[in-house]
Amino acid sequence: MDTWDSMQNWHLVLPPSRPSGEELERIRSLASDIDRSAPVGVLGSTPEFRDLLHEFGFSNVHVLERNMRFYEVMGEWRVYQNDEHVVSGDWRDTLGSLRGIYALILSDLTSGNIPYSDRAGFYDLVTEALRPGGFFCDKVLTHTGPMLSLDYLFAKYSSLPLNILHINNFSCETLFCSELLDAENVVDSTKFHAILNERAPNERVAAFVRHTPLITPLGCKWYYGMRWCDLEQEYCPDLARTSVHEDVASSPYYRRMKCFCLQKDK
Ligand SMILES: C[S@@+](CC[C@H](N)C(=O)[O-])C[C@H]1O[C@@H](n2cnc3c(N)ncnc32)[C@H](O)[C@@H]1O
């Protein structure tokens, strides 16, 4: 079963697991100079991106998605119901037939969906799908240093209120930024949930663990944990970085995530 089939409560998911207002504002300022009739692409079904592109008047929006059920569910969380061109299939299969067409490709936390061994090929396909001068805006988890210890996280959440914001942050920090990833550099939500359940030191932390599947369901897998220094050389080597932004200091991904804006040679 595809990880994204398990996602039932996307309406409870908060940034940084989806685009924030600041990130969308940066994309708006970049998109303002792009020809509105040019093909633009979204990797996945991100409703915020699809609404932004429609609001900006882009008339040829492509949604590249392999899970049509999730595409339909995300459609319910859109502001607009405009026509889009759905490119159905795995990016690693579909991008190859879309060479040189996109003026802009938007991507929010897609890297973890691609196994490490396929990353170089994936980013080459993204690069080739851009037209000359095209932009790739991508939000990426970029772990640079040691992962967070569970003892530190348990101590932190032992005094935080149980609400959807902190449950989101608990999910981000324990499943995507903690020492649990050191074993295999893979997020395994079922395995991690069992360990967290076993190790929860008190009832408050146990409650956070109990509610985490609301945000990150059991049965999900992502390729995260490998350090950025071991991944960076394969990350869009043929594109120029026009800007790199860190996440905001209050974010659970602060200093562990970057928003890249990259451009293809004209
Ligand atoms: C974009 S990523 C991460 C979600 C993102 N944070 C957001 O706010 O939309 C998840 C989306 O990409 C799709 N997806 C994941 N791996 C894919 C692949 N290899 N090919 C095509 N679509 C994929 C999933 O079905 C889902 O719609």
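For the structure itself, consult the block above.
These numbers come from a predicted model, not from an experiment. Each chain has its residues counted from 1, following the order in which its sequence is written. Residues qualify for local features only when their pLDDT is at least 70, as the model is predicted, and side-chain atom pairs are given and counted only at 80 or more; totals for whole chains, interfaces and linings, by contrast, use all residues. The side-chain values count all of the structure's non-hydrogen atoms but skip hydrogen atoms and water molecules.

Caption draft 1: Spatial organisation of the site of the ligand. Nearness is defined per residue: one heavy atom within 4 Å of the molecule or strand is enough. Ser-17, Thr-46, Glu-65, Trp-91 and Asp-108 are the nearest of the 22 residues found near the ligand. The definition of a polar contact used here is a pair of N or O atoms within 3.5 Å, where within protein one atom must be able to donate a hydrogen and the other to accept one, and adjacent residues in sequence count solely through side-chain atom pairs. Between the ligand and the protein, one listed contact pairs a nitrogen atom with a backbone N or O atom of Trp-91 at 3.0 Å. Take Asp-108: an N or O atom from its side chain is 2.7 Å from a nitrogen atom of the ligand. All accessible areas in this document rest on Shrake-Rupley with a 1.4 Å probe, and a residue is counted as covered only by the protein chains that are shown. Bound to the protein, the ligand loses 99% of the 580 Å² it would expose on its own. Taken together, the residues of the shell around the ligand sort by class into eight nonpolar, eight polar and six charged. Residue polarity follows a fixed list, in which Ala, Val, Leu, Ile, Met, Phe, Trp, Tyr, Cys and Pro are nonpolar, Asp, Glu, Lys and Arg are charged, and the others, Gly among them, are polar.

Caption draft 2: Structural detail: a negative patch on the surface. What makes a patch is a set of residues exposed beyond 30% relative accessible area and free of salt bridges, joined within 9 Å when like-charged and within 5 Å when nonpolar (Val, Leu, Ile, Met, Phe, Trp, Tyr). What makes a salt bridge here is a side-chain nitrogen of Lys or Arg within 4 Å of a carboxyl oxygen of Asp or Glu, nothing more. Charged-residue counts in this description rest on Lys and Arg as positive and Asp and Glu as negative, His and the chain ends being excluded. Where a charge lies is defined by one atom per residue type: Lys uses NZ, Arg uses CZ, Asp uses CG and Glu uses CD. The grouping of Asp-124, Glu-234, Asp-238 and Asp-265 at the surface amounts to a negative patch. By definition, any uninterrupted DSSP run of H or I lasting at least four residues is a helix, any uninterrupted run of E lasting at least two residues is a strand, and each is numbered from the N terminus. Considering the arrangement of structural elements, one finds Asp-265 in the segment after β9 (257–263).

Caption draft 3: Local environment of the packing of aromatic side chains. Centres within 6.5 Å make a pair out of two Phe, Tyr or Trp rings, where for Trp the six-membered ring is used; the pair is then stacked when the planes are under 30 degrees apart, edge-to-face when over 60, and tilted otherwise. Scanning the entire structure with this criterion turns up 16 aromatic pairs. Ring centres of Trp-4 and Trp-222 lie 6.0 Å apart, and the angle between their planes is 75 degrees; on these two criteria the pair is classed as edge-to-face. With Trp-4 in the segment before α1 (21–31) and Trp-222 in strand β7 (residues 221–222), this residue pair connects regions lying 218 residues apart in the sequence. Note on Trp-4: relative accessible area 18%, which makes it buried. Given a relative accessible area of 6%, Trp-222 falls into the buried group. Ring plane angle 75 degrees and centroid distance 4.8 Å describe the contact between Tyr-123 and Tyr-235, whose orientation is recorded as edge-to-face. Separated by 112 residues along the polypeptide, Tyr-123 in helix α5 (residues 119–129) and Tyr-235 in the loop between β7 and β8 (240–246) bring together distant segments of the chain. Burial here depends on accessible area, computed with a 1.4 Å probe over protein chains only, as a share of the maximum for the residue type. Under 20% is buried, over 50% is exposed, and the range in between is partly exposed. With relative accessibility at 3%, the residue Tyr-123 sits in the buried group. Given a relative accessible area of 2%, Tyr-235 falls into the buried group. Taken together, the ring pairs connect Trp-4, Trp-10, Phe-70, Phe-176, Trp-222 and Tyr-224 into an aromatic cluster. Only when the NZ atom of a Lys or the CZ atom of an Arg is both within 6 Å of the ring centre and within 35 degrees of the ring normal do we say a charge sits over the ring. Stacked on the ring of Phe-58, the Lys or Arg Arg-36 has its end atom at 5.2 Å from the ring centre.

Caption draft 4: Just the sheet that holds strand β5 (residues 130–141), in detail. Pairing between two strands is assigned when DSSP locates at least 2 bridges connecting them. Spatial strand order, β3-β2-β1-β4-β5-β9-β8: seven strands in an open sheet with mixed pairing. If you trace the sheet from one side to the other, it starts and ends with β3 (85–88) and β8, each paired once. Here the average twist between neighbouring strands, direction ignored, is 15 degrees. Bridging between β5 and β9 involves seven bridges; their strand directions are antiparallel. Bridged to Phe-136 within β9 is Leu-262. In what follows, residue pairs with any heavy atoms lying within 4.5 Å of each other are defined as contacts. Think of each axis as a best-fit line through the C-alpha atoms, taken over the contacting stretch in the case of a helix, with angles from 0 to 180 degrees between the N-to-C directions. Strands in contact with helix α2 (residues 47–55) are β1 (40–43), β2 (61–65) and β4 (102–108); relative to β4, the strand with the most contacts, it is inclined by about 150 degrees.

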